[in-house]
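Results of the structural survey
Here's the letter readout for the chains.
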Amino acid sequence: MEKGGGDPLGLLCPMGRPEKLALYRGGQTRVEENSRAIAGCFGGGQKRDWQCPHVRVLCVSPKILMAHSEALPSLAGDPVAVEALLRAVFGVVVDEAIQKGTSASQKVCEWKEPEELKQLLDLELRCQGESQEQILERCRTVIRYSVKTGHPRFFNQLFSGLDPHALAGRIITESLNTSQYTYEIAPVFVLMEEEVLRKLRALVGWSSGDGIFCPGGSISNMYAVNLARYQRYPDCKQRGLRTLPPLALFTSKECHYSIQKGAAFLGLGTDSVRVVKADERGKMVPEDLERQIGMAEAEGAVPFLVSATSGTTVLGAFDPLEAIADVCQRHGLWLHVDAAWGGSVLLSQTHRHLLDGIQRADSVAWNPHKLLAAGLQCSALLLQDTSNLLKRCHGSQASYLFQQDKFYDVALDTGDKVVQCGRRVDCLKLWLMWKAQGDQGLERRIDQAFALARYLVEEIKKREGLELVMEPEFVNVCFWFVPPSLRGKQDSPDYHERLSKVAPVLKERMVKEGSMMIGYQPHGTRGNFFRVVVANPALTCADMDFLLNELERLGQDL
């Protein structure tokens, strides 16, 4: 190689390509200056037997060449090829993931055992790249064997459905690939996040406050615990746990498991979590909260936070927030409301009474990716605080990001409010969906989910072999399927043990057939029962009927 510089162990040319390149074939030597001629020696229909010894990578445009190998396809610098690839991929996505993935005539999933799936996916990462045709087939295969959570027969989780406007926002977000930490690199999204959070706070009932989008509701809950601890003991940020007395936080036995995980993660320990009784419907008992606070104080612990739940994971229960807020006010405790699941009910004038008292909270976790179908992930932590508590608690003033002498208002650099550095944009999908639907459209979505859940409940009551766990107040419909062999045998000593084995069998059958997906679980002393989550905005009464008919078909021989 002449003049181009480079290292035989690394890249040839720092400026993009060498001036001249010596190529060898047998006893011949060929020196080329033109990049196209060089590329032609390795490809372009000729026999690709020219070699360049001692060189790993050749920085030649328009193809990236590797010594002793065939030319590898590259889209760099070829906008036509880039566009062609992306149009082809988007075509696959629209056909396979969106149209088929949301069609009731298609399977929810195509189940494969792990070893077989590994072979079908061909997961190994190799030295050689693949053709664009192979890459497109990879895309089809990934979609084919993935669970279609937008499918109308997917009732398995607290999220489902596919909103096209939210999906458009997600595509734009991924395409722009920016981080939410400073105004200089995310000006649109810093302002947008601020407005979306303001709207969410207004629905809670606050005219001011703060907030941030978090990577999931679990992290939102952990932030709330950390903020409550910092507010009471600000020295712990610098001096750590050694400055703290034994602390106690309180939540019901129906709370999300992230409260326990958060206590462990933040160094409080799971013993610091005092579990408050819930009533038969899964709601926290305020009288027992009062009792637990007194017990903690008598043991020398310092109570600092109560985490209430609006929309529990299994039963869909809403804690009595007004009564809990009264207890917190008497004892000077931070009130956090985990409304990750139930927060979207605030959009419904008909049903928002379930969250009466939420305006008295200090912090609220709310996941629009659940009932609003904004797409994973979209999780907001909302604060009533106006003292910049988020930044005081988590800020570290990194000088390479948060310079104080910037040419714009540095208060717009929100990245120091969070523990993360890089933070994905989670506001656009919700904002775009909200722009398309408006308050009224989103309210109709919530009311429709409640109406369909009620329809399902009434149909369950009409059918033999179906038994409600309880009358739901939300869109979690919990029930047992009692197979023909167990009907009328409720007094049998092994009835509940045998009934508990039914749901796992039916779950396996439905998944392997790909006809639908429903979650099941035990709960307290209750054996396994199904929990249908009615959240997909595309659902109809026909989907509810199919669900029950399919259970009866799958379980007719049990």
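Definitions and cut-offs
- Residues numbered from 1 in each chain as written.
- Predicted model: local features only at pLDDT ≥ 70, side-chain atom pairs only at ≥ 80, totals over all residues.
- Heavy atoms only, no water.
- Pairing = 2+ DSSP bridges.
- Helix = DSSP H or I, 4+ residues; strand = E, 2+ residues; numbered from the N terminus.
- Buried < 20%, exposed > 50% of the residue type's maximum accessible area, 1.4 Å probe, protein only.
- Contact = heavy atoms within 4.5 Å.
- 1 Å grid on protein atoms, 1.4 Å probe; cavity = no way out; pocket = protein on both sides within 12 Å on 5 of 7 lines; lining within 4 Å.
- Points joined across faces, edges and corners; volume = space filled by probe spheres on them.
- Nonpolar A, V, L, I, M, F, W, Y, C, P; charged D, E, K, R; others polar.
- UniProt positions renumbered as here; feature names shortened; annotations may be inferred.

**Some remarks on the sheet that holds strand 14 (residues 476–481)**
If you trace the five strands from one edge of the open sheet to the other, you get 5-15-16-14-13, paired in mixed fashion. Edge positions in the sheet fall to strand 5 (154–155) and strand 13 (466–468), since each of these pairs with one other strand and no more. Here strand 5 runs beside strand 15 (residues 517–523); their pairing, made up of two bridges, is parallel. Across the sheet, residue Phe 155 finds its bridge partner in strand 15, namely Ile 518.

**Some details on the side chain of Thr 309**
With respect to the helices, strands and loops of the structure, Thr 309 is situated in strand 9 (residues 302–309). According to the relative accessible area criterion, Thr 309 is buried, its value standing at 3%. Those residues in contact with Thr 309 that sit more than four places away from it in its chain are Cys 255, Ala 317, Phe 318, Asp 319 and Asp 338.

**Considerations on empty space enclosed by the protein**
Evaluation of the coordinates by the stated rule reveals one cavity of 30 Å³ or more. Space inside the largest cavity adds up to approximately 40 Å³. Looking at the largest cavity, the residues that line it are Arg 445, Gln 448, Ala 449, Leu 452, Val 534, Ala 535, Asn 536, Pro 537 and Leu 539. Partitioning the lining of the largest cavity into residue classes produces six nonpolar, two polar and one charged.

**A look at the UniProt feature "modified residue: N6-(pyridoxal phosphate)lysine" (unreviewed entry) in the chain**
In the UniProt entry, the feature "modified residue: N6-(pyridoxal phosphate)lysine" (unreviewed entry) is given for Lys 370. Relative to the elements of secondary structure, Lys 370 occurs in the loop between strand 11 (363–366) and strand 12 (379–383). With residues near it in sequence (within four places) discarded, Lys 370 still touches Leu 158, Phe 159, Ala 340 and Trp 341.

**Some words on the pairing of strand 16 (residues 526–533)**
Within a regular strand, the side chains alternate between the two sheet faces. Counting buried positions over the eight residues of strand 16 gives six, a clear majority of the element. Relative to strand 16, strand 14 runs antiparallel, the two being bridged by four bridges. By the bridge assignment for strand 16, Cys 478 is matched with Arg 531. Across four bridges, strand 15 lies against strand 16 in antiparallel orientation. Paired with His 523 across the strands is Arg 526, a residue of strand 16.

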